[in-house]
Every structure is written in structure tokens, then in C-alpha cells.
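# Structural overview
Spelled out from the first residue to the last, the chains are:
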Amino acid sequence: IKKPSYLYGTIHIIDSKDFFLPKGTMATFDAAKKVIFEIDMKEMSDISSLMGMMNKIFMKDNKTLKDLLTPEEYKMVGDHFQKMGLPIFMLERMKPMFLTVFAYGDMDPSGLKNGNMKSYEMEFMEMAKNTGKETGGLESIDFQIGLFDEIPYDAQAKMLVDAIKASDDSGNDEFKKMTEMYVDQDIHAMSNMIAEEGIETDGFEEKLVTQRNKNWIPQMIVAAKKEQTFFAVGAGHLGGKEGVIHLLRQAGLKVKPVR
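Structure report, in brief. Keep in mind the model is a prediction, meaning the values are calculated, not measured.

### Observations regarding the overall build of the protein
Scanning the protein from N- to C-terminus turns up 15 helices and six strands. When the 259 residues of the protein are sorted by exposure, 46% land in the buried category. Within the protein, counting contacts between residues at least 6 apart in sequence, those at least 24 apart form 79% of the total. Summed over its atoms, the accessible surface of the protein is roughly 14000 Å², and 55% of this surface lies on carbon and sulfur atoms.

Listed below in C-alpha cells is the structure:
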């Protein structure tokens, strides 16, 4: 690899007041010829892709949240989303893992529109557009949605309930904890948190995190050999023995922090 490529850990959604770019980010972004995300952000703004995705966010066989939750859990989930202005009848048939994104106390589903929340991916996409850089993705939307289908609906429903309970316990808001780790740039704490609290049951972490990390490495090497590339992937994928940094080093690349 003749010139360095760059690996940036994102957090998919963050409170605007916590959004920051570490020193050196703009210089490395400018140096890169191409920006590669987990999913090419162009796909996320393509109406036909999104319309195709809409059918896939619903559970099969007319399953509903009511079928998966106890009456008490169902009421708790309904109350939580009602507070956000999302009536439960609109969400009944959605796969619970999609809803987990909005399960945290500080999460505001309209935040990206009104500017209260920011997405690193969207910010980098805007910067790529403004500077005429090509973009790409390590995975397709279809692939990511397919991952959810490998996790049984009842396990997804348990994750949703656990996330809402954690968010309602003000001392244990995972979204807040994750944001603090991100602002501290503590990627090892982030990967530990995902392993310990997020998806530790029945090998789901292997499917949702570890295997994907391994799939990305050969693609990253090919892209970096071709041209200077700015890779932007979730920071939870970077740390640990099965993290992207360690796997790139295992594959024989020199990986060092930009100071």
C-alpha cells in the first residue's frame, strides 16, 4: 500500500452537543480519494432501495409485538413509544430490533430532522458530496436486514424490553454510557460493553459483530491498495481481539493512531 488509508470509528447517532471531530480528521478526509461506510450512504438516500427495504422491516406470518410480549411488557413498550409521539399501533408489526434503536431515553426519532441529533455517517456523506469524493459500502442494506432475520423474534423482543428497562433506569442509560465512552474515544470499553450487555446470548454477537468484522478485512485491503480511502465504521467494531484494528494487523498491515 503506497499511501496511507484511514479508519474512523463512528457512532451512528449522537446528541448534537456531543458531536465532535478529533484533530486531524479533516486533513485525513481531504487526503482520501474515496469514503467507504458499512453501507454506502447513497443506498440510504435512494428511494427505490428504501421502498424495497420497507417490506423487510415487518415480521413475517402476521406476527405482532403483542404475540411476543407479556401484557405488562406490552404496556411498558407502548408507554415508552407513546412518550416519543409514536403510537404502538404504528409499530405493531415491525421487527423488534428496528425498534431497539429508539429504545433509549435520550433518543429523539425526529432529532436528525430538527438538528438535536447528528449522524457521523450523514455528516461524512455530506462532506463527500461537497468535495466530489466517490463513496462505497462494505455491506448492502439487504445484507444488514438479513442479519436481523437470523435472530428469532422472541430474542429480539427480549432485547427491546431490556433496552427500554435500561433506559428507564436513569442511572443506567446505555445510550448515555455509550456516548460518554465515544467522547472519551475509549474503543475498548465500547467493544466490551457490546460483548457484555448487548447481544451476548446464543452467539448473536458472533453474527452481528465478529463475523462482519472478518468479512470487511479483505475488502478494506483491496480498497486501500487501489487508492487512499477513508473508512468510517461503527466504533464498537474497532477494539478487542476480534476488532477491525487487530484483524488488520493480523492480516499484515501497519495500523497506528493519528495523533
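Following the structure, the description resumes.
### Re the pattern of salt bridges
Evaluation of the coordinates by the stated rule reveals 11 salt bridges. The partner of Glu38 in a salt bridge is Arg212, and the shortest N-O contact between them spans 3.0 Å. One end of the pair, Glu38, is in strand β3 (residues 34-39); the other, Arg212, is in helix α14 (residues 204-226), and 174 residues separate them in sequence. On the basis of relative accessibility, which here comes to 8%, the residue Glu38 falls in the buried class. You can call Arg212 buried: its relative accessible area is 8%.

### Here's the deal with the sheet that holds β3
Ordered in space as β1-β6-β3-β5, the four strands form an open sheet in which the pairing is parallel. Edge positions in the sheet fall to β1 (6-10) and β5 (134-139), since each of these pairs with one other strand and no more. Strand-to-strand twist across the sheet, computed as the mean angle between neighbouring axes with direction ignored, equals 25°. Bridge count for β1 against strand β6 (residues 229-234) is five bridges, and the pairing is parallel. Within the sheet, the bridge partner assigned to Tyr8 lies in β6 and is Ala232.

### Describing the packing of helix α10 (residues 141-149) against α14
Following both chains from N to C, one finds α10 and α14 inclined at 145°, their axes separated by 11 Å at the closest point. Handedness of the α10/α14 crossing: right-handed. Taken together, the residues of α14 that come into contact with α10 (itself represented by Phe143, Gln144 and Leu147) are Lys207, Leu208, Arg212 and Asn215. Grouping the constituent residues of the contact of α10 with α14 by class yields three nonpolar, two polar and two charged.

### Description of the side chain of Thr229
By the secondary structure assignment, Thr229 is in strand β6. Reaching out from Thr229, the side chain makes a polar contact with the backbone oxygen of Ala223 at a distance of 3.5 Å. Residues within four places of Thr229 in sequence aside, it is in contact with Ser5, Tyr6, Ala32, Lys34, Ile36, Ala223 and Ala224.

### Notes on unusual backbone geometry
A negative phi angle characterises most non-glycine residues, just as the trans form characterises most peptide bonds. Despite not being glycine, Asn62 has its phi angle at roughly 55°, a positive value. Within the secondary structure layout, Asn62 lies in the loop between α3 (47-54) and α4 (65-68).

### Let's talk about α10
The set of residues buried in α10 consists of Ile141, Gln144, Ile145, Leu147 and Phe148. Along the axis of α10, the buried residues cluster in a sector spanning 145°; they form a single face.

### Notes on the side chain of Asn213
Here Asn213 is to be found in helix α14. Of the residues examined, Asn213 reaches a relative accessible area of 2% and is grouped as buried. Apart from residues lying up to four places away in sequence, Asn213 is in contact with His237, Glu242, Gly243, Val244 and Leu247.

Rules and cut-offs
- Residues numbered from 1 in each chain as written.
- Predicted model: local features only at pLDDT ≥ 70, side-chain atom pairs only at ≥ 80, totals over all residues.
- Heavy atoms only, no water.
- Helix = DSSP H or I, 4+ residues; strand = E, 2+ residues; numbered from the N terminus.
- Buried < 20%, exposed > 50% of the residue type's maximum accessible area, 1.4 Å probe, protein only.
- Contact = heavy atoms within 4.5 Å.
- Areas by Shrake-Rupley, 256 points an atom, 1.4 Å probe, with all protein chains shown as cover.
- Salt bridge = Lys/Arg side-chain N within 4 Å of Asp/Glu carboxyl O.
- Pairing = 2+ DSSP bridges.
- Axes fitted to C-alpha atoms, helices over the stretch in contact; angles between N-to-C directions.
- Left-handed = near helix turned anticlockwise from the far one by under 90°.
- Nonpolar A, V, L, I, M, F, W, Y, C, P; charged D, E, K, R; others polar.
- Polar contact = N/O pair within 3.5 Å; in protein donor to acceptor, adjacent residues only side chain to side chain.
- Arc of directions from axis to C-beta.

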